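A structural walkthrough
For reference, the chains in residue letters:
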Amino acid sequence: MTEIVLGVGASHSTLMNTHWEQTVHKDRAERFRDALKAARDELAAARPDTVILVGSNHFRGFWLDLIPSFTIGVRECVASGESGTPKGPLPVDVPLARHLANSLVEGGRFDAAFSARLQIDHGQSHAVQYLLDGLDVELVPIVINVFAPPLPTLDRCEQLGRAIREAVLAFPGDRRVAVIGSGGLSHRLPWPDWREPHGDDEEFMVGAWLDGRTNWQDYDVRRREIIRAAEAALNPGWDDEFLSLVERGETHRVTELTTEDVEKTAGNGAQEIRTWLLMTALLDHAPGRRLAYEPMPEWLTGMAVAVLDPVHTEERQR
């Protein structure tokens, strides 16, 4: 019997790797890092065979020549290795990944894209680095388009999570499956709407996203300069409301929001809550536990970690 044993939501930021010494709020940074370690320990205790790793793409694995809404890695998965994150091939649970891709199509609910040679970036490899360190697990990587509009709606992401949950539980065998949603919370990146760039920096970014498939590293120095020059735009109140929904098992309520609602209130980077939403739907919206929330202006992001444990939830409900 295949079962879903744990869910984790965690923010990511490459600035945690590249600018740790320049971080001003060290106490906050250390609490966030400690929460990642605690979540990693809970993953280890759950003994998963496979981790469904849901993340975003920062134009190092997908480019504007082709942007699917949802992509499942079904064979090879390679991490790009930017900014001190892991680089190279990662182990994929090919039978489960292909089962999910087939089930979604044959069920008539989703025509998700698939990749037999998927490149991921820190939108997922940051989680590999900090949440899966030392764990002997295979992955099913799932990438959601959260930065190149038009974006899949929040409701569509929640529906996909439910459909994947059904497919996972129908998979023959004895897999223990954990799920990680990597991204968020509130933050605003200095990234343009690719359809209407303004100024040299925005034109440069769109050019990198369009032409960087074979030489994305050539654009990285200026990309980093643009990001480091950005001012933080966090919304801790919005983040707290979202985490409260996670704690109550009511994350599905964010499906009432539009893409425009999220960007206006919490920034374009907050579109990454889609990864958390898909994760929580895969856990059937079990109530979660907040391990940390730290507003980190140096990292431009409201950083959070939460865990959803379906076993303990069932025990409490008895």
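Below is a short write-up of the structure. Bear in mind the structure is a predicted one, so any value in this text is a computation, not a measurement.

1. Digging into the pattern of salt bridges
With the rule as written, the count across this model stands at 21 salt bridges. In this structure, the salt-bridge partner of Asp-27 is Arg-31, at a minimum N-O distance of 4.0 Å. Note that Asp-27 and Arg-31 are positioned in helix α2 (residues 26-46) at a spacing of four residues, about one turn of the helix. With relative accessibility at 42%, the residue Asp-27 sits in the partly exposed group. Overall, the relative accessible area of 40% leaves Arg-31 in the partly exposed class. Between Glu-263 and Arg-188 there is a salt bridge, with its nearest N and O atoms 3.9 Å apart. Placement of Glu-263 in helix α9 (residues 259-266) and of Arg-188 in the loop between β7 (176-182) and α6 (199-211) is noted, with a sequence separation of 75 residues between them. Each of Arg-60, Glu-82, Asp-220 and Arg-223 takes part in salt bridges that share partners, so that together they form one network.

2. Points about the environment of Gly-161
Structurally, the position occupied by Gly-161 is in helix α5 (residues 154-169). Residue classification places Gly-161 among the buried positions, given a relative accessible area of 0%. For the pair Gly-161 and Leu-278, spaced 117 residues apart in sequence, the C-alpha to C-alpha distance is 4.5 Å. The contact partners of Gly-161, leaving out residues within four places of it in the chain, are Leu-278, Ala-281 and Leu-282.

3. A few points about the packing of aromatic side chains
The full count for this structure, using the stated rule, is ten aromatic pairs. Arranged with centres 5.3 Å apart and planes meeting at 65°, the rings of Trp-191 and Trp-209 form a pair that is edge-to-face. Of the two residues, Trp-191 is situated in the loop between β7 and α6 and Trp-209 in helix α6; the sequence distance between them amounts to 18 residues. Of the two residues examined, Trp-191 and Trp-209, each falls in the buried class.

4. Comments concerning empty space enclosed by the protein
Under the counting rule described, the total for this entry stands at three cavities of 30 Å³ or more. What the largest cavity holds in volume is close to 230 Å³. Lining the largest cavity we find 19 residues, and of these Ser-13, Thr-14, His-58, His-122 and Leu-189 sit closest to its centre. When residues in the lining of the largest cavity are grouped by element, the largest group, three residues, is from helix α7 (residues 220-228). Here the lining of the largest cavity is composed, by residue class, of six nonpolar, eight polar and five charged.

Parameters at a glance
Residues numbered from 1 in each chain as written. Predicted model: local features only at pLDDT ≥ 70, side-chain atom pairs only at ≥ 80, totals over all residues. Heavy atoms only, no water. Salt bridge = Lys/Arg side-chain N within 4 Å of Asp/Glu carboxyl O. Helix = DSSP H or I, 4+ residues; strand = E, 2+ residues; numbered from the N terminus. Buried < 20%, exposed > 50% of the residue type's maximum accessible area, 1.4 Å probe, protein only. Contact = heavy atoms within 4.5 Å. Phe/Tyr/Trp six-rings, centres within 6.5 Å; stacked < 30°, edge-to-face > 60°. 1 Å grid on protein atoms, 1.4 Å probe; cavity = no way out; pocket = protein on both sides within 12 Å on 5 of 7 lines; lining within 4 Å. Points joined across faces, edges and corners; volume = space filled by probe spheres on them. Nonpolar A, V, L, I, M, F, W, Y, C, P; charged D, E, K, R; others polar.

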